[in-house]
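Coordinate analysis (summary)
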Amino acid sequence: MADVFVSYKAEDRRRVQPLVQALQAEGLSVWWDEHIGVGDAWRETIERQLNEARTVVVVWSKRSVGPEGGFVREEATRAQKRGVYVPVLIDAVMPPLGFGESQATSLKNWHGNRSDPHYRAFLDAIQRICGCVPTASAQAPRSPLLTRRTAIAGGAAATVAIAGAGGWALLKSGSAGSSSDSIAVLPFENLSGDPAQAYFSSGIAEEIRSALSRIAGLKVAGSTSSEAVRNDDAATVAKKLSVTNILTGSVRQSASIIRITAELIDGGTGLDKWSQSYDRSPGDAIKIQTDIAANVASALSAALGQAARTAISVGGTVNAAAHDLYLKARAQYRGDDSEESLRKAIGLVDSAITLDPKFADAVSFKATLLTDLNGYYNSGTSRFEPGFVQAAAVARQAIALAPALASAHLALATATFWQLNVGGAVPEFERGHALAGSDVDDLLNYADFVSTLDRQDEAIRLTRDAQSRDPLNPSAFAQEAHAQSSSGRFAQAEAGYRKALALAPNRRLIRAFLAVTLNELGRADEGLALLKQLPPDYLFRMVGEAIIYGRQGNRAASDAALKHAQAVNGDAAHYQYADIHAQRGDVDEAFASLERAWSFRDPGLAIMKRDPFLRPIKTDPRFAAFLKRMNFPA
């Protein structure tokens, strides 16, 4: 039996949470629908808790007193009959007819301060009814409990101290403000009580983010940064990601019903611009995410609503089971990039395609998975080309189904590129980039291709655009560092790699590239010390050591590192062996290794034009002949 049952409108969840946390800080046990467990029958659980709770706090807001507040009014009626009804106002509203006899405490302007007299009166009403006495450790503080949460109000950097559970003042309801061109879509919270359902809530948010990214005029924060700030308050998210709008939400799913709640919040004021709760059958999830994207876009600008509906429909499906399998495949891909995981994701997406052969998003994603599987897990004893040919064929199927699907064109471009037909990949990269809108992953994909063509200044501009959209994404900074290194600007490259490592300290490849960059800056010992932090059998540790020792004139140590790499990686790393030979001045050996790499159609050859480690051999006529062999544009 809970001390307090909280009745509220689902769209007010974010605003009610600080009050729940404040009551819990008083030592009270609080039940609200966040506590529904795996497999619970929602209505039966809510009814049981409502009937057993010692007090029922009813939160009256603009939404709960409105036409859609039927459940709140029904719960309030039951609480009144039991004599346990405690009303509280969070907006300037009158309780519905029949609920005005009991004095409702107004917390409309409450800032979370547990010493506030209005809050204390509200708490006293609860304690009188339930007979609950707060624990000694939970007595109200003399002064507000300060937290790190702050608000940016009126566009100024005014810092507001928030007390207790924090954030109430930031989360007041409000009307839509002026339209804005920037938004972060945070991962939706999984309230199903089952961690295995997290793929669905995260997938819904990802689909909405992808749709909004395709709309011209919207700047959409990237997925990496959005994931990183998922637990921050609105003002912090706005500051970290340089956006003015934040979309949050939650998903609760059972076998018979799905509830999705979404809320669009102004990051500067904490006021909500739009919110909606959907109680539908599980098969309606596709329609719900389309509706959310359209309503969010409309809240920012009326002209964008229809564009959002069009964007989310490109490449999609109406088959709920196929859509669910697709979301599972994407979650599998995000969580683990091992060979086993890639094959499992391919199996899931194949099942989705079987259910809906016209599901272009799924077909396009399969092309990407096949490309990664072949590129990362080819045994090195066979040619790479056949796997990429298969991936390209699948990408063409996706384009035939949805000609305007950016991911399909980029999948075809990537598969063609790794077949070492660089010129053949150009039109598809250009087409995919034109269709991709503001999707950060697509932008970085295109920037990497531009860098491969040795258009480094353009690549740097594109990566900085990606950084502005996804400021917590280490890949955005690492890719700029690659381009700076390819241009011979090693000090700038060092800065980029260090920013990337600060965001992702465990990225081994970034650490290896930073090490050889330090060598270029005359800090070889520093570089070697960094390499020693990597596993002994890690390919790029061995390559880095062979290069640095070779440049130092320590041929024995360089040879030992090269032989170690060859013993571990065999024929799978001839391109990297060419880098070592080129840096040591062994020109003929470098070209011999490149020829061996060509015999396997090693995809690494496609980056040789921009590769700074091959700079010592770029003036050799054989280098130009290699570029011509791969159909590099002039």
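How each quantity is defined
Residues numbered from 1 in each chain as written. Predicted model: local features only at pLDDT ≥ 70, side-chain atom pairs only at ≥ 80, totals over all residues. Heavy atoms only, no water. Buried < 20%, exposed > 50% of the residue type's maximum accessible area, 1.4 Å probe, protein only. Core = buried A, V, L, I, M, F, W, Y, C linked by side-chain atoms within 4.5 Å. Contact = heavy atoms within 4.5 Å. Pairing = 2+ DSSP bridges. Helix = DSSP H or I, 4+ residues; strand = E, 2+ residues; numbered from the N terminus. Axes fitted to C-alpha atoms, helices over the stretch in contact; angles between N-to-C directions. 1 Å grid on protein atoms, 1.4 Å probe; cavity = no way out; pocket = protein on both sides within 12 Å on 5 of 7 lines; lining within 4 Å. Points joined across faces, edges and corners; volume = space filled by probe spheres on them. Nonpolar A, V, L, I, M, F, W, Y, C, P; charged D, E, K, R; others polar. Parallel < 35°, antiparallel > 145°, perpendicular 65-115°, else oblique. Left-handed = near helix turned anticlockwise from the far one by under 90°. pLDDT = per-residue confidence, 0-100. Salt bridge = Lys/Arg side-chain N within 4 Å of Asp/Glu carboxyl O.

**Concerning unusual backbone geometry**
Positive phi, close to 55 degrees, is recorded for arginine 601, a residue that is not glycine. Despite not being glycine, asparagine 631 has its phi angle at roughly 60 degrees, a positive value. Exposure remark for asparagine 631: the relative accessible area of 40% places this residue in the partly exposed category.

**Examining the nonpolar core**
One finds Phe188, Leu212, Leu247, Trp274 and Ile292 to be the most contacted residues of the largest nonpolar core, which totals 62 residues. Contacts of tryptophan 274, omitting those with residues within four sequence positions, involve Leu247, Ala262, Glu263, Leu264, Ile292, Asn295, Val296 and Ala299. If you look at the next biggest cluster of nonpolar residues, it comprises 40 residues, including Ala425, Phe449, Ala483 and Ala606.

**Some remarks on the sheet that holds strand β3 (residues 55-60)**
Think of a sheet as strands paired side by side through backbone hydrogen bonds, with each pair either parallel or antiparallel. With parallel pairing, the five strands of this open sheet are ordered in space as β2-β1-β3-β4-β5. The two strands at the open ends of the sheet, each matched to only one other strand, are β2 (30-31) and β5 (105-106). By the bridge criterion, four bridges tie strand β1 (residues 4-7) to β3 in an arrangement that is parallel. Each residue of the ladder has a partner; that of serine 7, found in β3, is valine 58. Sheet strands in contact with helix α3 (residues 70-82) are β1, β3 and β4 (85-89), and its direction is about 145 degrees off that of β3. Here helix α4 (residues 117-130) sits on the sheet and contacts β1, β3, β4 and β5; the angle it forms with β4, its principal contact strand, is near 165 degrees.

**Remarks on empty space enclosed by the protein**
Over the atoms rolls a probe the size of a water molecule, and its path tells where empty space is left. Applying the stated criterion to the full structure yields one cavity of 30 Å³ or more. Size it by volume and the largest cavity reaches roughly 80 Å³. Of all the secondary-structure elements, those providing two or more residues to the lining of the largest cavity are β9 (245-253) and β10 (258-266). Grouping the amino acids of the lining of the largest cavity by side-chain chemistry returns four nonpolar, two polar and four charged.

**Digging into the packing of helix α12 (residues 360-377) against helix α14 (residues 406-418)**
Where α12 contacts α14, the two axes come as close as 9 Å, and the packing angle between them is 25 degrees. With respect to their mutual orientation, α12 and α14 come out roughly parallel. Once α12 is placed against α14, the crossing between them reads as left-handed. Contact residues: α12 offers Asp361, Ser364, Ala367, Thr368 and Thr371, while α14 offers Ser407, Ala408, Ala411, Thr414, Ala415 and Trp418. When grouped by side-chain class, the residues that make up the contact of α12 with α14 number five nonpolar, five polar and one charged.

**Side note on the confidence of the model for the protein chain**
A low pLDDT means the predicted coordinates there should not be read in detail. The predicted model of the protein chain averages 84 in pLDDT, with 87% of residues at 70 or higher. Segment residues 135-179 is flagged for pLDDT under 50; beyond a separation of four residues in sequence, or across chains, it makes 99 contacts in the model.

**Thoughts on the pattern of salt bridges**
Throughout the structure, instances matching the rule amount to 33 salt bridges. Between aspartate 3 and arginine 54 there is a salt bridge whose closest N-O contact spans 2.8 Å. Pair noted here: aspartate 3 is in the segment before β1 and arginine 54 is in the loop between α2 (42-52) and β3, with a separation of 51 residues, a long-range link. Note that glutamate 339 is salt-bridged to arginine 343, the shortest N-O span being 3.2 Å. Taken as a pair, glutamate 339 and arginine 343 lie in helix α11 (residues 339-355) at a separation of four residues, close to a single helical turn. Taking the relative accessible area as the measure of exposure, glutamate 339 reaches 31% and is therefore partly exposed. Here the salt bridges share partners, and the residues they tie into one network are Glu494, Arg498, Arg523 and Glu526.

**A short note on the side chain of glutamate 545**
Tracing the backbone through its elements, the reader meets glutamate 545 in helix α22 (residues 539-552). When near neighbours in sequence (up to four residues on either side) are disregarded, glutamate 545 contacts Leu528, Leu531, Lys532, Gly550 and Ala561.

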